[in-house]
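# Geometric and topological summary
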Amino acid sequence: MKINVHSLHFDATDKLLSFVDTKVGKLDTFYDGIIGVDVTLKLEKSDISENKIAEIRVQIPGDDVFSSRQAKSFEEAVDLSIDALKKQLQKAKEKQRRV
């Protein structure tokens, strides 16, 4: 599985990149046929404290699953996105089994 991480409007630290790789790498346990993952971390310029956005697109055979979450920290946004993707991947796996 190939993981691409992009950071917009800021430079991601090695610690953050390692965190993202670890979390995204665990998605393999929910769906075996993941082709690749694109992670985009955005820093929105706004007055609110929840200005960090994590967008994750998981490429699977036949379709992609996507999640975007906004939070106070990138770690929290990634965690929320991963939770949503786990559910989507489990549904895709069940759907694939029925076919």
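Moving on, we get to the pairing of strand β1 (residues 2–8). Looking at chain direction, β1 and strand β2 (residues 36–43) are connected through 7 bridges and run parallel. Bridge pairing in β2 places V5 opposite V39.

Moving on to the packing of aromatic side chains. What characterises a pair of aromatic rings is the spacing of the ring centres plus the angle enclosed by the ring planes. If you walk through the whole model with that rule in mind, you get 1 aromatic pair. Centroid distance F10 to F74: 4.6 Å. Interplanar angle 15°. Geometry classified as stacked. With F10 in the loop between β1 and α1 (14–25) and F74 in helix α2 (residues 74–98), this residue pair connects regions lying 64 residues apart in the sequence. F10 gets classed as buried once you look at its relative accessible area, which sits at 19%.

Another point: the pattern of salt bridges. The full count for this structure, using the stated rule, is 3 salt bridges. Across the salt bridge formed by K23 and D79, the nearest N and O atoms sit 3.3 Å from each other. With K23 in helix α1 and D79 in helix α2, the pair connects residues that are 56 residues apart, well separated along the chain. We note a salt bridge from D83 to K86, for which the minimum N-O separation is 4.0 Å. In this pair, D83 and K86 both sit in helix α2, 3 residues apart, roughly one turn of the helix. The exposure class of K86 is partly exposed, given its relative accessible area of 26%.

Within the largest apolar cluster, 23 residues are counted, with the highest numbers of intra-cluster contacts made by L27, I34, L41, V58, I60 and L89. Those elements giving two or more residues to this core turn out to be α1, β2, β3 (52–60), β4 (63–71) and α2. Residues contacting I60, with those up to four places away along its chain left out, are Y31, G33, I34, I35, V65, L89 and A92.

This next bit is on α1. Here α1 spans 16 Å end to end across 12 residues, near enough to the 16 Å set by a 1.5 Å rise per residue. Looking only at α1, the buried set comprises L16, V20 and V24. Angularly, the buried residues of α1 cover 60° about the axis, an arc narrow enough to put them on a single face. Within α1, the exposed residues directed more than 90 degrees away from the buried face are D14 and K15. Residues of α1 that are buried sit in contact with β1, β2 and α2.

Scoring rules and cut-offs
Each residue is numbered by its place in its chain's sequence as written, counting from 1. pLDDT decides what is reported in this predicted model: residues at 70 or higher carry local features, side-chain atom pairs at 80 or more are listed and counted, and totals for whole chains, interfaces and linings draw on all residues regardless. Calculation of side-chain values draws on the structure's entire complement of heavy atoms; hydrogens and water are dropped beforehand. Criterion used throughout: strands pair if DSSP finds at least two bridges between them. Helix and strand assignments come from DSSP, with helices taken as H or I runs of at least 4 residues and strands as E runs of at least 2, each series counted from the N terminus. For Phe, Tyr and Trp, rings pair up if their centres lie within 6.5 Å, where Trp contributes its six-membered ring, and each pair is then called stacked (planes under 30 degrees apart), edge-to-face (over 60) or tilted (otherwise). Accessible area is worked out with a 1.4 Å probe on protein chains only. A residue is then buried under 20% of its type maximum, exposed over 50%, and partly exposed in between. In what follows, salt bridge is the name for a side-chain nitrogen of Lys or Arg lying within 4 Å of a carboxyl oxygen of Asp or Glu. Buried residues of nine kinds, namely Ala, Val, Leu, Ile, Met, Phe, Trp, Tyr and Cys, make up a nonpolar core once their side-chain atoms join them within 4.5 Å. Should any heavy atoms of two residues lie within 4.5 Å, those residues are considered in contact. Here a helix's expected span is defined as the number of its residues, less one, multiplied by 1.5 Å. To obtain the arc, one takes the directions from the helix axis to the C-beta atoms.

Geometric values such as these leave the question of function open.
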